[in-house]
Amino acid sequence: AQSVAQPEDQVNVAEGNPLTVKCTYSVSGNPYLFWYVQYPNRGLQFLLKYITGDNLVKGSYGFEAEFNKSQTSFHLKKPSALVSDSALYFCAVRHTGFQKLVFGTGTRLLVSP
Amino acid sequence: EAQVTQNPRYLITVTGKKLTVTCSQNMNHEYMSWYRQDPGLGLRQIYYSMNVEVTDKGDVPEGYKVSRKEKRNFPLILESPSPNQTSLYFCASCLKGPNSGNTIYFGEGSWLTVV
């Protein structure tokens, strides 16, 4: 089955520290991977995606993600967290058999001042 | 501004009272889709449309209907809502569909409560 796992329900980090939000995937064929962020009472906002090419992908708001094929991972990272980064983050992969994204269950990021 | 617009954003309704959640995109995208978000389950696809007059079921289509009469609009219809349809709903659109690698854009969500 094609799936995405976000092993942490919540990640806590202090402002100014680096942050990592983990994502692993299982998919047949080439993975197309996405990260989205959901701020309170806001929609899902696209952060970045990996389709092909460089394994390090840079996205919006200073976020980046590293595609690791051998570990089937696509972890989201940021060198220095901001309080305003506090939100719910979703990792997703395109389903190679159907026209849809398969989402993880989400990780809540809390950045403390 | 490129966007996906959903209405209403918030709705409380009663069991059995038909309702429609509208979705419109201004990006001339061929693909549109509806997802529902529930705690601990992430987002699950309800229906999708690859183009005008072409719709197909997603993972959780029971209790929902859709139509795609125009390229820009993709309404979600709950003919007889039940409490288990209480959820946060997202409309999404994409130029050619997820398998193209195009970015999928989401609306701001519609909070639906069925009592």
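Since the model is a prediction, treat every value here as computed from it, not as a measurement.

1. What to know about the side chain of Q6(A)
Residues and elements named next belong to chain A.
And then number 1: Looking at the element boundaries, Q6 is found in the loop between β1 (3–5) and β2 (10–14).
And then number 2: Residue classification places Q6 among the buried residues on the basis of a relative accessible area of 5%.
And then number 3: One polar contact links the side chain of Q6 to the main-chain carbonyl oxygen of Y89, over a distance of 3.0 Å.
And then number 4: Leaving out residues up to four positions away in the same chain, Q6 has contacts with V21, K22, W35, Y89, F90, C91, G104, T105, G106 and T107.

2. Focus on the packing of aromatic side chains
Residue and element names in this part refer to chain A.
And then number 1: Summed over all chains, the structure comprises 14 aromatic pairs over all chains.
And then number 2: Consider the rings of Y25 and F67, whose centres lie 6.2 Å apart with planes at 20°: the pair is stacked. Highlighted residues: Y25 in strand β4 (residues 24–26) and F67 in strand β8 (residues 64–68), separated in sequence by 42 residues. The same class applies to Y25 as to F67, namely buried.
And then number 3: Between Y36 and F46, the ring centres sit 5.9 Å apart and the planes meet at 70°, which makes this aromatic pair edge-to-face. Residue Y36 is found in strand β5 (residues 33–38), and its partner F46 is found in strand β6 (residues 44–50); the two are separated by 10 residues along the sequence.
And then number 4: For Y36, a relative accessible area of 0% translates into the label buried.

3. With respect to the nonpolar core
Residue and element names in this part refer to chain A.
And then number 1: Ranked by size, the top nonpolar core spans 29 residues in total, and within it W35, L47, L48, F74, L76 and Y89 carry the most contacts.
And then number 2: Of all the elements in the fold, those that place two or more residues in this core are β2, β3 (19–21), β5, β6, β8, β9 (73–78), β10 (87–94) and β12 (107–112).
And then number 3: Considering every element that reaches this core, the biggest residue donor is β10, with 4 residues.

4. Focus: the pattern of salt bridges
Residues and elements named next belong to chain A.
And then number 1: For the structure shown, the criterion picks out 10 salt bridges over all chains.
And then number 2: With its nearest N and O atoms 3.8 Å apart, the salt bridge here joins K77 to E66. One end of the pair, K77, is in strand β9; the other, E66, is in strand β8, and 11 residues separate them in sequence.
And then number 3: Residue classification places K77 among the partly exposed residues on the basis of a relative accessible area of 30%.
And then number 4: On the basis of relative accessible area, E66 is assigned to the partly exposed category, the value being 40%.

5. Some thoughts on the sheet that holds strand β1 (residues 4–7) of chain B
All names here are of chain B.
And then number 1: If you walk across this open sheet you meet the 4 strands as β1-β3-β8-β7, and the pairing is antiparallel. Strands at the two margins of the open sheet, each flanked by one partner only, are β1 and β7 (65–66).
And then number 2: The pairing of β7 with strand β8 (residues 76–78) spans 2 bridges and is antiparallel. Pairing of K65 across the sheet is with I77, part of β8.

6. Concerning the environment of L76(B)
Residue and element names in this part refer to chain B.
And then number 1: As for its position among the elements, L76 is in strand β8.
And then number 2: Note: C-alpha distance between L76 and T5 (71 residues apart in sequence) is 13 Å.
And then number 3: The contact partners of L76, leaving out residues within four places of it in the chain, are L19, T20, V21, W34, I46, Y64, K65, V66 and Y89.

Conventions we followed
- In this convention, every chain numbers its residues from 1, walking through the sequence in written order.
- Chains and ligands are labelled by the order in which they are written, letters from A for the one and numbers from 1 for the other.
- pLDDT decides what is reported in this predicted model: residues at 70 or higher carry local features, side-chain atom pairs at 80 or more are listed and counted, and totals for whole chains, interfaces and linings draw on all residues regardless.
- Each side-chain value is derived from all of the structure's non-hydrogen atoms; neither hydrogens nor water enter the calculation.
- Helical segments are the DSSP runs of H or I of at least four residues, strand segments are the runs of E of at least two, and each set is numbered from the N terminus.
- For the exposure calls, accessible area comes from a 1.4 Å probe over protein chains only, and a residue counts as buried if that area is under 20% of its type's maximum, exposed if over 50%, partly exposed in between.
- Polar contact is the term for a pair of N or O atoms within 3.5 Å; when the atoms are in protein, one must be able to donate a hydrogen and the other to accept it, and sequence-neighboring residues count only if both atoms are side-chain atoms.
- By definition in these notes, contact holds between two residues if any of their heavy atoms fall within 4.5 Å.
- Under the pairing criterion, centres of Phe, Tyr and Trp rings, with the six-membered ring standing for Trp, must be within 6.5 Å; the plane angle then separates stacked pairs below 30 degrees from edge-to-face pairs above 60, leaving the rest tilted.
- Here, nonpolar core means buried Ala, Val, Leu, Ile, Met, Phe, Trp, Tyr and Cys residues that are tied together by side-chain atoms lying within 4.5 Å of each other.
- The term salt bridge refers to a side-chain nitrogen of Lys or Arg lying within 4 Å of a carboxyl oxygen of Asp or Glu.
- Here, a strand pair is defined by DSSP locating no fewer than two bridges between the strands.

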